Amino acid sequence: MTKEELWLKISDQVVEMEDEEVEELCQKSIEMGIDPNETINHGLIDGMNRVSKLYEEGEYFLPEVLTASYAMNAGLEILKEHIIKVESQDTIKVVLGVVEGDTHDIGKNLVKIMCESAGMEVFDLGRDVPLKSFVDKAEEVGADVIAMSTLMTTTMFGMGEVVKDLNERGIRDKYYIIVGGGPISKKFAEEIGADEYSSDADDCVRRIKAAIGERRAK
Amino acid sequence: MTERKYESYGVVPKDQMTALERDRAISKGLEVDRMRCCLDGGETMAPLLGYSIKEYYHSSEMMANVETYMYKTFGTDGVGLSTTLRGMAEAMGAEISYSDNNVAQLMTPAVKLKEAEGAKLIDVDKDGRLHIILEGLRILKGRVGKECPISATVTGPFTVAAMALGTEQLLMGMIKKPDKVKALLEIIVENNRRYIDRLLDMGLGIGFADPVSSTTLISADMYEEFSYPYFKQNVEYIKKNGGGCGLHICGKSKELWPLLNTLPIGCFGLDNIESIREAKEILGPHMAIQGNVPPVDVMKLGKPEDVIEAARICMREGFDSENGYILTSGCQMPVGTPEENMHALMDAVRLFGRYPFKLEEM
């Protein structure tokens, strides 16, 4: 089997949501001495991109996307240990989390996967994240983007607090702020002073790419 | 009630009937004073009476007080108590976290997918908070039962499964271990039935909330395989025993409507992202429709005039729906929704939904 054939198989098995097969094939890629970064890009991420296309087209829904991402992560776990990390100046850095008081994180996890598949570096703060942590982390890692989500109307106003925090520290313009989740709307995003609202993970990636591209071009 | 008045619309006409009189007259096809309007509240209204949400969840008295307040203060056309989305899962053993200013959340699931067929059959009188809610309904019935229709909301089996397993486990389980998911759903159907029996004994209307069945999350095919058959068992059981029920699905649901039309559902509550006009065409010939003023952008963040204008759009679209139309918000109103906005939603039907309904007057 050539490495191209192996990558295609890995990609196919991610699309088919078969975690055990993905694991086996990734193990094989290491045995074949293939650069793990290449297997990640041409196998795992290629598969995940196909999954997100199927999601966009309405062929796949959340259960399929979650199960495929579970398979991708299974492969990633195996390859990760063999990676030599290269940092690039151009990588978009995203600080991501579910705001304080809320533990619903399925959407947030999808955004993470899609951002990573699109080559971004994601700093995932997890769920029920203290509001102050968003700005602290963004400052610490020199992020470009702060992305927040929540499913609950009781916690959504916390997002506005994060924007306030940035304003008070005088660093609002350093960051592109994008928000999403069940009760969130474009109007709400405007109300709290965020840059953008996004309705789903794919859309979020597109908006981040476009906005940061534009910012850097200036 | 003191006289209510708006600069742009003038004095609000007073109600001429109690909510119960209105409801009964409509079901007999008789004349009424105005269109119906229900305020969708529940635990998020607890702060109106100064209660913490956590206290509310554990007090039958507080639950009844909040609903009584909603009827007495605003004149809503229906009050009721819900098991809340996690109530049944809690009775089955899930660990729920309660906090003073927030809606309850799932901490630890009730069962693991691989042990799904061993999920617990509940004892309504002992497990979780179900007995507290039933007692609240009993108190409420004593207080306003002669004036206002009372309903009890049950969570749809598929959403209970999400709360019992964890949503992510449920969604992936449908692909990896469908038989386990189905075994769990059968147990949930039985648990719901045990609770529904008590509601039927009390002569209450029953509503289902089933947000996880939304096509925002799952495909219509998955709904048909994993949600519909189990929901159907609960709905048909209610029908067979002389009761009636409604359904609310948050988020997208349009692709499910043809299936819903095959069930004996009396009323469907639309999320604000769906169109009343479309629902009227597809669901309208089979059931009443209610909805769908945006709960956050309008009810919480808008001014009273914004509420009335948004309500008028809904009323114009829905008023002539074949089996009736009820004005309400597209989902539960958030904590902190101004009381003036709740008055405004009710006033919209008093001002523009006078009988006989005429489009040019709405």
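Structure's up top.
Residues numbered from 1 in each chain as written. Chains lettered and ligands numbered in written order. Predicted model: local features only at pLDDT ≥ 70, side-chain atom pairs only at ≥ 80, totals over all residues. Heavy atoms only, no water.

Draft legend 1. A look at the overall build of chain A. Looking only at helices and strands, one finds nine helices and five strands in chain A. Reading the helices (α) and strands (β) of chain A from amino to carboxyl end gives α-α-α-α-β-α-β-α-β-α-β-α-β-α. By the compact-globule yardstick of 17 Å for 218 residues, chain A fits well, its C-alpha radius of gyration being 18 Å. C-alpha extents for chain A along the principal axes are approximately 55 × 35 × 30 Å. (Helix = DSSP H or I, 4+ residues; strand = E, 2+ residues; numbered from the N terminus. Rg over C-alpha atoms; globule rule 2.2 N^0.38 Å.)

Draft legend 2. Representation of the interface of chain B and chain A in the model. Contact residues are listed per partner, giving 27 residues for chain B and 28 residues for chain A. Taken over both partners, the interface formed by chain B and chain A buries close to 2200 Å², and the fraction arising from carbon and sulfur atoms is 65%. The largest per-residue losses of area from chain B upon contact with chain A belong to B:Gln105, B:Met172 and B:Lys176, which jointly make up 22% of the total buried on that side. Here chain B is connected to chain A by two salt bridges. (Contact = heavy atoms within 4.5 Å. Buried area = accessible area lost by both parts, 1.4 Å probe. Salt bridge = Lys/Arg side-chain N within 4 Å of Asp/Glu carboxyl O.)

Draft legend 3. Representation of unusual backbone geometry in the model. The omega angle of the peptide bond from B:Tyr355 to B:Pro356 is -10°, so this bond is cis rather than trans. Its location among the elements puts B:Pro356 in the segment after α14 (339-352). A positive phi angle, near 50°, is found at A:Asp128, a position not held by glycine. By the secondary structure assignment, A:Asp128 is in the loop between β2 (121-124) and α6 (131-141). If you check the backbone angles, B:Thr84 has positive phi at about 65° while not being a glycine. Tracing the chain through its elements places B:Thr84 in the loop between β4 (79-82) and α4 (87-91). B:Thr84 gets classed as buried once you look at its relative accessible area, which sits at 9%. (Buried < 20%, exposed > 50% of the residue type's maximum accessible area, 1.4 Å probe, protein only.)

Draft legend 4. Inspection of the state of the cysteines at higher detail. Residues and elements named next belong to chain B. One pass over the full model with this rule turns up zero disulfides over all chains. Of all cysteine sulfurs in the structure, the one in Cys 37 sits closest to Cys 38, which takes part in no disulfide; the separation is 6.7 Å. Using a relative accessible area of 17% as the deciding quantity, one classes Cys 38 as buried. Unpaired in terms of disulfides, Cys 314 finds its nearest cysteine sulfur in Cys 37, a separation of 10 Å. Using a relative accessible area of 6% as the deciding quantity, one classes Cys 314 as buried. (Disulfide = S-S within 2.5 Å.)

Draft legend 5. Spotlight on the environment of B:Leu283. Residues and elements named next belong to chain B. Examined against the element boundaries, Leu 283 turns out to sit in the loop between α11 (276-282) and β11 (288-293). C-alpha separation for the pair Leu 283 and Glu 361, spaced 78 residues apart in sequence, amounts to 25 Å. Setting aside residues no more than four positions away along its own chain, Leu 283 makes contact with Trp 257, Leu 260, Asn 261 and Phe 268.

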